[in-house]
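Understanding the architecture of this molecule
Residues per chain are reported as follows:
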Amino acid sequence: MDALHDRPSNLHELRESGWQSRTVKEEIQHNFLRMMESGEDLFPGIIGYEDTVIPEINISLIAGHDMLFLGEKGQAKSRLMRSLVRFLDDAVAYIDEPGLPVHEDPLKPITRRGRELVADLPADQIPIAWWRREDRYAERLAPGTKFADVIGEIDPAKLAGGASMSAEEALHFGLIPRMHRGIFAMNEVPELDELIQVGLFNILEERDVQIRGYPINFDIDVLVLFSANPSTYSRSGKVIPQLKDRIGSTIHTHYPRERSIGISIMEQEAALATDGDYPVVVPYFMKEIVEQMSIAARRSKYVDHDSGVSARFSIANFRTMVASARHRSVRLGEKPAVPRISDLGHTYSSSLGKLELDLMGTHQMSERQVLEAIQAEAVRTVFEEYVDRHGLSEIAEIFGRGIKIEVGDMLPSSAYAERLRRVPPAWDKAFEVNASESDAVRASCVEFVLAGLYASDQISRAEHHGRITYEM
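Reference entry: report on the structure contained in this document.

Parameters and conventions
Residues numbered from 1 in each chain as written. Predicted model: local features only at pLDDT ≥ 70, side-chain atom pairs only at ≥ 80, totals over all residues. Heavy atoms only, no water. Helix = DSSP H or I, 4+ residues; strand = E, 2+ residues; numbered from the N terminus. Buried < 20%, exposed > 50% of the residue type's maximum accessible area, 1.4 Å probe, protein only. Contact = heavy atoms within 4.5 Å. Areas by Shrake-Rupley, 256 points an atom, 1.4 Å probe, with all protein chains shown as cover. Axes fitted to C-alpha atoms, helices over the stretch in contact; angles between N-to-C directions. Left-handed = near helix turned anticlockwise from the far one by under 90°. Nonpolar A, V, L, I, M, F, W, Y, C, P; charged D, E, K, R; others polar. Pairing = 2+ DSSP bridges. Parallel < 35°, antiparallel > 145°, perpendicular 65-115°, else oblique. 1 Å grid on protein atoms, 1.4 Å probe; cavity = no way out; pocket = protein on both sides within 12 Å on 5 of 7 lines; lining within 4 Å. Points joined across faces, edges and corners; volume = space filled by probe spheres on them. Salt bridge = Lys/Arg side-chain N within 4 Å of Asp/Glu carboxyl O.

Here the focus is the overall build of the protein. Check the secondary structure of the protein and you find 21 helices and 12 strands. The 472 residues of the protein split such that 50% are buried. Long-range pairs, those at least 24 residues apart, make up 74% of the contacts in the protein with a sequence separation of at least 6. When the accessible surface of the protein is split by element, carbon and sulfur atoms take 47% of a total near 22000 Å².

Pairs of packed helices are described in terms of their axes, by the angle between the two and the distance that separates them. One way to put it is that helix H12 (residues 259-270) packs onto helix H14 (residues 311-332) with a least axis distance of 9 Å and a crossing angle of 65°. Note that H12 runs across H14; the crossing there is right-handed. Along its contact with H12, which presents Met266, Glu269 and Ala270, the element H14 presents Ser314, Ile315, Phe318 and Arg319. A breakdown of the residues in the contact of H12 with H14 according to their chemical character gives four nonpolar, one polar and two charged.

A separate point is the pairing of strand S12 (residues 467-471). Where strand S10 (residues 405-407) and S12 come together, three bridges link them in antiparallel fashion. Within S12, the residue paired with glutamate 406 across the bridge is threonine 469. Sheet analysis places strand S11 (residues 460-464) next to S12, joined by five bridges and oriented antiparallel. The residue of S12 that forms the bridge with alanine 462 is threonine 469.

At a minimum axis distance of 8 Å, the contact between helix H2 (residues 24-37) and helix H3 (residues 53-63) shows a crossing angle of 135°. With respect to H3, the element H2 is oriented oblique. When the axes of H2 and H3 are compared, the crossing they make is left-handed. Here Ile28, Gln29, Phe32, Leu33 and Met36 of H2 come into contact with H3, specifically with Asn58, Leu61 and Ile62. Its residues assigned to classes, the contact of H2 with H3 shows six nonpolar, two polar and no charged.

On to empty space enclosed by the protein. Scanning the entire structure with this criterion turns up two cavities of 30 Å³ or more. Space inside the largest cavity adds up to approximately 60 Å³. What lines the largest cavity is simply Pro256, Gly262, Ile265, Met266, Glu291, Arg298, Ala311, Ser314 and Ile315. For the lining of the largest cavity, the secondary structure elements donating two or more residues are H12, helix H13 (284-299) and H14. Grouping the constituent residues of the lining of the largest cavity by class yields five nonpolar, two polar and two charged. For the second largest cavity, the calculated volume is near 40 Å³. Lining of the second largest cavity is provided by Lys25, Ile28, Ser60, Leu61, Gly64, His65 and Leu223. For the lining of the second largest cavity, the secondary-structure elements that each account for two or more residues are H2 and H3. In the lining of the second largest cavity, the residues fall into three nonpolar, three polar and one charged.

Enumeration according to the criterion identifies 15 salt bridges in this entry. Between aspartate 90 and arginine 7 there is a salt bridge whose closest N-O contact spans 2.6 Å. Here arginine 7 lies in the segment before helix H1 (11-17) and aspartate 90 lies in the loop between helix H4 (77-83) and strand S2 (91-95), a separation of 83 residues in the sequence. Residue aspartate 90 is classed as partly exposed on the basis of its relative accessible area of 37%. Under the relative-accessibility criterion, arginine 7 is labelled buried at 13%. The partner of aspartate 149 in a salt bridge is arginine 140, and the shortest N-O contact between them spans 3.1 Å. For aspartate 149, a relative accessible area of 27% puts it in the partly exposed group. Bridged by salt links that share partners, the residues Arg259, Glu288 and Glu385 form one connected network.

Dropping the structure here:
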C-alpha cells in the first residue's frame, strides 16, 4: 500500500489493517534507529558536523527531547531543524472531518469533537485521510509573532454563533496545536514575547494548551524545536529561565573548523554549473581566498563577533566572483572563464549587509574599507601559505626585475601573456591548475601572485579608472 489512495479510507479498514498509532517522538525515534542501523546517510547535505553536532542530535532524538539549536547566524540551524522531517513516517492516518481543529489520531483522538465522532459513528462511516510527511512541519520566526499565531485565541465569530466561552469550539488554534502529531520550530526564540514564552511552559512540560486561562486543555503531541544566537540567548531577561529549563537538549553549532570544509559547504550551497555553453575553471587558490575572507571577517576587530559571519557571506561572494568571470568570458569571447583577484572587486555588492560592524572597533572606517582590509588579509594569508609550501621565489624574482603589469576584471587574458611571455617551471607545480595551459589560467595565477606580493608589501600598486598597475 505505497500510494496514499491505496491505504485504508475509513476507521474500520484502518483497524483491520493493523495500523498502530505512535507519538511523534516514538515515530521519529523508531525511524531514526532503523535508518542508522541500515547505514543510511542520516543528515545529507550537512558538512563539518560529523564529529560534533550530529552525535548530539542523534542522542537527543533517541532520548525523545525537544531541542534548542544554539549558534551564530549561518551555521545551518534551520537546515538541521528541517532535516528532522525525514525521520517521520511518509504519512500518518487522521480523521478526515472538516470540523476538527487538528489532525486527530483515529485511535487516540484528543478533542471532544474527535472523541464523540469515534464513539457515536460506526467505524466504517468515519473517514480516514493521510497526512504527508512534508506537511507535518511548521516553522515560525519569533519577531512579530503573537500569542494567537502560535498557541491560539478565543474566536469572536464562534462566540457569536453560540459557542460557550469555556468550550473547545470557541477557540481558534495557533500553529503549535495545529501541528499536533508533527514538528514545530521557532527561530530566534530570544525575540519571542514573554507572554508566548509563558504559554510554551505547559506545551513543553505537560503537553497541554491553555488559552487565556480557560479550562481547555488536552494532550498535544508535538516535537518542539528552537533556534537562538548565544549572545541574545544568554542575555539576562531575554529568555525566561523556566522555558530554558523545559528544553530537553541544547545543540551547539559552529562555523567550519577547517577551511577545506568551508570550501565544500560553499561549493555545495552555491550549486554553480561549471560546464555547458559557458564553462568555468575555478583555481583552488581562488576558492581558498573567498572562504578565507569569511574566516578573516570572523576574526576581525572591526566586525561584531556576537553577530557572527554567516556561511552566506562566502556563498554569495563565490557566486559573484564566478559571475564576474563569466561576464568577462562572454564579452571577450574567452573560454573557459577563469576567476581572478580583480573579480573579487565586485564582491562588495554581495557582501553588503552580511557583516555587522563593531562600532567601537571601526571608528572612522567605512564598510567598504573594512571589506577591502578583510580581502587583503585573506589574499596575504593564502599567498603566504603557497610561498611556504611551494617556494615561489623564482616567480617573485621575475616581478623583481622591474616588470610593470596592468590588471583588471575586463582586461583580456592575452594582455597578461604579452607582459609575461615566459612562464617559469615553478608555476606549474605551485598551483592546482596548469599555469601554462591557457592565457586565462595564467592571468588568474599572475593576479594571485601580484596581489600576494602587494599584500606582503613587496611591490606597489596604483589604481586608475578601474585598472590596477603593479610594479616594483
